[in-house]
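# An overview of the molecular structure
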Amino acid sequence: MAADSSSTSGFLSLVRVAACLLAGIAVGGEAIAQQPASLPPGSSQQQSHEAGPPRRIPRQQALTTAALDGTVREQVSDSAGRPIGGARIQIRNLQTGQVNTTLTTGEGVFRVLLLPPGGYELRAEAEGYEALTIASLSLSTNEVVTLEIRLVPNGVAEARSRLPRQPELGPPLPAEAAAMMGWYREFRHRLDSDPNYILELSPDVLPPISDVFNVVPNRWALEQPDYRRYRPSGEYIYTKPHWYDPFNRNRFKGDEPIWPAVLGQQVFFNFTGSETTFIDGRKVPVPSDVSAAQPGSSAFFGRGEQFFLDQTFRFTFDLFHGDASFKPVDWRIRVTPEVSLNYLDVKELGIVGPDVRAGTTRLDSHVGFQEAFVEYKLHDLSANYDFVSVRAGIQEFNADFRGFLFVEEQPGLRVFGDLKNDRIEYNAAYFDFLEKNTNSGLNTFSRRKQQVMLGNVYIQDFFFPGYTAEFLGAYNKDDGGLHYDDNGFLVRPAPVGNVINQGVGAIPHSIQVGYFGWLGSGHIKRINITHAFYEAAGKDSFNPIAGRRVTVNAQMAAVELSLDRDWIRYRISSFYSSGDNNPRNGRANGFDAIVDLPSFAGGLFSFWNREGIRLLGSGVSLTTDGSLLPNMRSNKNEGQANFVNPGIFLVNAGTDIDITPKLKGFVNFNYLRFMRTEPLEFVLFQSPIRHNIGEDFGVGVTYRPPLSENIILTGGASMLQPGQGFRDIYTGRTLFSVFGSAKLTF
């Protein structure tokens, strides 16, 4: 073995000391004795001018076992090697036949401790490399053996051939390549060969405790030192905290315990305040509602220009016990009130309310509790923080990746957790709904006769690394009843078809429908993929369009593929929901969700997705705001699901562009068609109605000035160019929308 230089010997000495500290023996059946290693014979050590000579840890016994460690590398050249992770090291005792097996780390390091002294055979092998066998390896008491192993790829052996060498293959391999099958060298050292080794060390020579460690009663109270490297203002290594600074150790943002003297050092408080300003100017189909105030007017369609402003303030108070974000919390109490102030200005009467005396403007406000729950961790299932917890109260829940089925903030009981080192996540939940405020969409304090039960499981790396699969089951029981919204419109039951029984009044009905879904999101190689499939089955005791009890059998499917190239993501997608071909036959085949809010096919930048379009001549909408489904509901939040609807088929193409790190652009195009038009023809008493809805174009940008979620500015414009089917229902006028939002978060 070649002699090492002084610096190399010092480095190897540090490595051996660490290995020896790990290679302790059991003392009394529990404790492990640890001793520092000495330098190998013949090498030198560069002594420190600040520290004394190394000493053995006092009151520890000498080792009676041996240890083996080392590295496994690929032989790249005569002087260079590349670490081989996951190489299998098998050590067999030649006397007893006992076998020990270990794997190398990502850096190619392996270590085997507490080996009985004696003779061993070692074999190192890795996929794609020629195996190396050391037939005889001797380990002595109180000794650490370090091996440096080099393996040769299989390609070296495969390259040897008796066939003539072709010129385009380059020069032939050297003759000695045939014998190049890997090699190793070893380093041996004993602890008791160190001249500084002391069997028994007197306590009076130990350093003072204050020189070894300091007791810190509260590790969160460490003060940051003053540090100014540059004179101008900027970012510094040590920054003093301020109550108004959410980025630098803020007690109110969960960075340190809120009241350690009373609540202890594991109780944190996180306050989050946000305000969102949303402005939308749009042109949508509306009825004229001609009255005596406009004599001579005869147009069926009115002026559809509208302006909407929504200002919200949301405050979250989160008190929890745990280790900040290091592991799942032990318990949590969270309360989130939200305040909404909204304004609507339209051109026609009968839009803001059924009473034309209400005029054409509306200013409304509402306060609702969107979160108010307690959470408790029931049990830790493994050392890697697999757990099971329970949460009770008003809470937010999204049933799938893109919000196709259920996105709500409702009172409920939820059991959740993960398994297999967080590879499997699961939820089981029950929700008992509150009524919603009509104009803000926030919770009220009135119960609604609707319950939802669901369970889902997420499995990461399902068949493909980076792909997550979800399997879901849900049950929606909506007893409906009679309900008018805050503006005075009847929403339950939906005012369409046979909603009124002469002499009795409105006919309430109950919906009991189950959903079964398979969804996925992630990537397969370079292709990003998101897909969803839902089957809905159940019954509706009295569908107003069918005028009778119906059985439900409907489907929904969606898929999106995208490819990232530099700073652009190219995506294509398709969305399908089944439609009903006979609205009066007792079988409902049009798909409808529970409460959906899809982020798909353009999302906010799609006119069809964002804007609600009323179905003129009836009391329902063709599509509600924030939904892709033409479900003919009266209202998404307060109305009931309707499975007698036309369904839709959508094809989408778009790009997401990272213009700068702070500015992101979106371009979107949708082509839309009704799957069936019979429900529309029946409700509107019009035939034929063709299938083509039209083309939906949208563009937009998102700007984040501080490169965080604290300030988000979003703006966009979209338009719907009607197709022949949309013209059969409305007109051929182009519909448009221009919107902007600003969200500030502390």
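### Quick look at the overall build of the protein
Helices and strands together make up the secondary structure of the protein, namely seven helices and 36 strands. Within the protein, the fraction of its 746 residues that count as buried is 45%. Summed over its atoms, the accessible surface of the protein is roughly 37400 Å², and 57% of this surface lies on carbon and sulfur atoms.

### A few points about the environment of histidine 483
With respect to the helices and strands, histidine 483 occurs in strand S21 (residues 483–484). Taking the C-alpha atoms as reference, histidine 483 lies 9.6 Å from alanine 494; in sequence the two are eleven residues apart. Non-local contacts of histidine 483, meaning those with residues more than four positions away in its chain, are made with Glu435, Phe489, Leu490, Val491, Arg492 and Glu638. Reaching out from histidine 483, the side chain makes a polar contact with the side chain of glutamate 638 at a distance of 3.0 Å.

### Quick word on the nonpolar core
In a soluble, globular protein the nonpolar side chains are often hidden away together inside. Counting 74 residues, the largest nonpolar core has Phe406, Phe575 and Leu615 as the members making the most contacts within it. Sort the elements by how many residues they give to this core and strand S27 (residues 548–565) lands first, with five residues. Here phenylalanine 406 is in contact with Phe397, Asn398, Ala399, Phe431, Phe433, Val452, Leu454, Ile594 and Val595, once residues within four sequence places are set aside. Within the second largest apolar cluster, 23 residues are counted, among which are Phe110, Leu122, Ile134 and Leu151.

### Comments concerning the sheet that holds strand S5 (residues 88–93)
Reading across the sheet, the four strands line up as S6-S5-S8-S9 and stay open at both edges, with antiparallel pairing between neighbours. Two strands in the sheet have a free side with no partner beyond their single neighbour: strand S6 (99–103) and strand S9 (132–139). Strand-to-strand twist of the sheet, defined as the mean angle between neighbouring strand axes without regard to direction, takes the value 20°.

### Considering the packing of aromatic side chains
Working definition: an aromatic ring pair is given by the centre-to-centre distance plus the angle between the planes. Applying the stated criterion across every chain, the model contains 22 aromatic pairs. With centroids separated by 5.5 Å and ring planes inclined at 75°, the aromatic side chains of phenylalanine 401 and tyrosine 458 adopt a geometry described as edge-to-face. One end of the pair, phenylalanine 401, is in the loop between strand S16 (387–398) and strand S17 (407–419); the other, tyrosine 458, is in strand S19 (residues 443–459), and 57 residues separate them in sequence. Taken together, a centroid distance of 4.8 Å and an interplanar angle of 20° make the contact between phenylalanine 605 and phenylalanine 666 stacked. In this pair, phenylalanine 605 is assigned in the loop between strand S29 (587–588) and helix H5 (607–610) and phenylalanine 666 in strand S33 (residues 663–674), connecting sequence segments 61 residues apart. A residue is classified by how much of its surface remains accessible, and phenylalanine 605, at 8% relative accessible area, is buried. Through a chain of ring-to-ring contacts, three or more aromatic side chains come together here, namely Phe278, Phe605, Phe666 and Phe739. Sitting above the plane of the phenylalanine 416 ring, arginine 414 keeps its charged end 4.3 Å from the centroid.

### Brief notes about the pairing of strand S12 (residues 267–283)
Bridge count between S12 and strand S13 (residues 305–321): 17 bridges; the pairing is antiparallel. Residue pairing for S13: lysine 283 is matched across the bridge by glutamate 305. Note: S12 against strand S36 (residues 735–745), ten bridges, orientation antiparallel. By the bridge assignment, threonine 277 is partnered in S36 with alanine 742.

### A closer look at the confidence of the model for the protein
Averaged over every residue, the pLDDT of the protein is 84; the share at 70 or more is 80%. The low-confidence segment residues 157–170, where pLDDT is below 50, has eight contacts with residues more than four positions distant or belonging to other chains. Taken together, the stretch residues 173–179 has pLDDT below 50 and engages in five contacts with residues farther than four places along the chain or on a different chain.

### Details of unusual backbone geometry
The omega angle of the peptide bond from arginine 492 to proline 493 is -10°, so this bond is cis rather than trans. Cis peptide bonds are those with omega within 30 degrees of zero, and the linkage from serine 687 to proline 688 qualifies with 0°. Tracing the backbone through its elements, the reader meets proline 688 in the loop between helix H6 (678–684) and strand S34 (692–703). With a phi angle near 55°, leucine 114 is a residue other than glycine that sits in the positive phi range. For leucine 114, the location among the structural elements is in strand S7 (residues 109–115). Given a relative accessible area of 43%, leucine 114 falls into the partly exposed group. Its identity is not glycine, yet aspartate 422 carries a phi of approximately 70°, on the positive side. One can find aspartate 422 in the loop between S17 and strand S18 (424–436).

### Quick look at the pairing of strand S20 (residues 467–478)
The side chains of a regular strand alternate, first on one face of the sheet and then on the other. Note: S19 against S20, ten bridges, orientation antiparallel. Note that in S20 the partner of asparagine 456 across the bridge is leucine 472. Here twelve bridges tie S20 to strand S25 (residues 511–524), and the two strands are oriented antiparallel to one another. Residue pairing across strands places alanine 474 opposite tyrosine 515, the latter belonging to S25.

### Focus on a nonpolar patch on the surface
Taken together, the side chains of Phe313, Phe315, Phe317, Ile333, Val335, Val339, Val367, Phe369, Val374 and Phe445 present a nonpolar region at the surface, about 830 Å² in accessible area. Of all the secondary structure elements, the ones that give two or more residues to the nonpolar patch are S13, strand S14 (331–346) and strand S15 (361–380). The topology assignment puts valine 335 in strand S14. The exposure class assigned to valine 335 is partly exposed, which follows from its relative accessible area of 30%.

### Overview of the environment of arginine 614
Looking at the secondary structure, you find arginine 614 in strand S30 (residues 613–614). A relative accessible area of 30% places arginine 614 in the partly exposed class. Between the alpha carbons of arginine 614 and valine 286 there is a distance of 7.0 Å; along the sequence they are 328 residues apart. If we skip the residues at most four places from it in the chain, arginine 614 touches Pro287, Gly350, Ile351, Val620, Ser621, Leu622 and Tyr730.

### Observations regarding the side chain of glutamine 306
By secondary structure assignment, the location of glutamine 306 is in strand S13. Those residues in contact with glutamine 306, other than ones at most four positions away along the chain, are Asp280, Gly281, Arg282, Val284, Val286, Leu344, Asp345, Val346 and Ile351.

### A word on the side chain of glutamate 74
On the secondary structure map, glutamate 74 appears in strand S3 (residues 66–75). Within polar-contact distance, the side chain of glutamate 74 engages the side chain of tyrosine 129 at 2.9 Å. When near neighbours in sequence (up to four residues on either side) are disregarded, glutamate 74 contacts Ala80, Gly81, Arg82, Ile84, Tyr129, Leu151 and Pro153.

### Description of the environment of proline 544
Note that proline 544 resides in the loop between strand S26 (527–543) and S27. Residue class for proline 544 comes out buried when judged on its relative accessible area of 7%. On a C-alpha basis, the gap between proline 544 and proline 493 in space is 7.8 Å, while along the polypeptide they are 51 residues apart. Setting aside its immediate chain neighbours within four residues, proline 544 contacts Ala494, Val496, Gly497, Asn498, Val499 and His509.

Reading the values: rules and limits
- Residues numbered from 1 in each chain as written.
- Predicted model: local features only at pLDDT ≥ 70, side-chain atom pairs only at ≥ 80, totals over all residues.
- Heavy atoms only, no water.
- Helix = DSSP H or I, 4+ residues; strand = E, 2+ residues; numbered from the N terminus.
- Buried < 20%, exposed > 50% of the residue type's maximum accessible area, 1.4 Å probe, protein only.
- Areas by Shrake-Rupley, 256 points an atom, 1.4 Å probe, with all protein chains shown as cover.
- Contact = heavy atoms within 4.5 Å.
- Polar contact = N/O pair within 3.5 Å; in protein donor to acceptor, adjacent residues only side chain to side chain.
- Core = buried A, V, L, I, M, F, W, Y, C linked by side-chain atoms within 4.5 Å.
- Pairing = 2+ DSSP bridges.
- Axes fitted to C-alpha atoms, helices over the stretch in contact; angles between N-to-C directions.
- Phe/Tyr/Trp six-rings, centres within 6.5 Å; stacked < 30°, edge-to-face > 60°.
- Lys NZ or Arg CZ within 6 Å of the ring centre and 35° of its normal.
- pLDDT = per-residue confidence, 0-100.
- Patch = residues over 30% accessible without salt bridge, like charges linked within 9 Å, V, L, I, M, F, W, Y side chains within 5 Å.
- Salt bridge = Lys/Arg side-chain N within 4 Å of Asp/Glu carboxyl O.

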